[in-house]
Every structure is written in structure tokens, then in C-alpha cells.
Amino acid sequence: YRGNMDQFFDVHHGKNTLPGKDAPGTMPASSLELVMQECIRRKCGAFVVWRNQAFFKSQSVVACRRGLRNDKEASTYLNLSPADSEFEEHPEMNTLTDKTAFTMPAGDIEACKKECVRRGDGA
């Protein structure tokens, strides 16, 4: 990934997620650009900046979104970068038979996936 990394992250200031359930390895949060690149490289669902240290979360972005909790010292960055492995294709199958959660043009599948992850829709 190159360019503005902010487009791949949904930032929640004053929030922590899944405290104590960190992936191995931390890094200084002095360069958020480098932390974002590392989060994407490691395919983590999120990272949390707490006391100027970045803690990576190996759980899915959906689990990380669901785990958000108030913490005035933390900022959580949910990884919205495209990740084909988090989606399964089921042609001819409507998984939302009783309702439509959200409607958007399906011309750009990556944009649809990104919006799905951003909204926290999924398993």
C-alpha cells in the first residue's frame, strides 16, 4: 500500500479494544504511518495506541469493533484495508432474507467490502 494510509483505518479516539488480548510485539507510536503499514502487513484487525505504544490485535476487524470500550488514554485504529480472506463468496445466496442491512452499488466489490467492514457488518 502506498499513499495516504488514513483511508484504510477507522479511528476511535478515547477507545480501547480487547484489552490484554494483544498480538505478540509492540512498537513505538511515534510514526502512525509506520504502525499502519505494519498493521496491514501483519493482517491485524486493529491496533491500539496507549501511552505512545502501539499494540496490535490479531482478531478480525469485526471482533475489534465489537470489543471497543471507553478508555481516555487509548485510540483504536480499525484496519479497513482490503482483505479477501475475511469474505466468502456465496453466489445465488441472500444471507439477509428478512432485511437489507445496507444498500449500495455493487460495481466495485472492494468498496462494498470496505463499507461492510467499516459498518461492522459480518459474522
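Please read all numbers here as calculations on a predicted model, not as lab measurements. Each chain carries its own residue numbering, running from 1 in the direction its sequence is written. This being a predicted model, a pLDDT of at least 70 is required before a residue's local features are given, and a value of 80 or more before pairs of side-chain atoms are given or counted; all residues contribute to the totals for chains, interfaces and linings. Only heavy atoms go into the side-chain values, all of them from the structure, while hydrogens and water stay out.

Peer 1: In this structure, what is going on with the packing of aromatic side chains? I would like to understand it.
Peer 2: What characterises a pair of aromatic rings is the spacing of the ring centres plus the angle enclosed by the ring planes. Two aromatic rings, drawn from Phe, Tyr or Trp (for Trp, its six-membered ring), form a pair once their centres lie within 6.5 Å of each other, and the interplanar angle then sorts them: stacked below 30 degrees, edge-to-face above 60, tilted otherwise. For the coordinates displayed, the defined rule picks out four aromatic pairs. The structure contains a cluster of three or more aromatic residues connected by ring pairs, namely Phe 9, Phe 47, Phe 56 and Tyr 77.

Peer 1: Just checking my understanding: could you explain the sheet that holds strand S5 (residues 68-79) for this structure?
Peer 2: Strand pairing in a sheet takes place through backbone hydrogen bonds and is either antiparallel or parallel in direction. Pairing within the open sheet is antiparallel, and its five strands lie in the order S1-S5-S3-S4-S2. Of all strands in the sheet, those bounded by a partner on one side alone are strand S1 (9-17) and strand S2 (26-28). Adjacent strand axes in the sheet meet at a mean angle of 30°, parallel and antiparallel pairs treated alike. Sheet topology note: the S2/strand S4 (residues 53-57) ladder contains three bridges and is antiparallel. Along S4, the bridge assignment pairs Pro 28 with Gln 53. Two strands pair under a simple rule: DSSP has to find at least two bridges between them. Comment: elements are numbered from the N terminus, with helices defined as DSSP H or I runs of at least four residues and strands as E runs of at least two. In this analysis an axis means a line fitted to C-alpha atoms, helices contributing only their contacting stretch, and an angle means the value between N-to-C directions, from 0 to 180 degrees.

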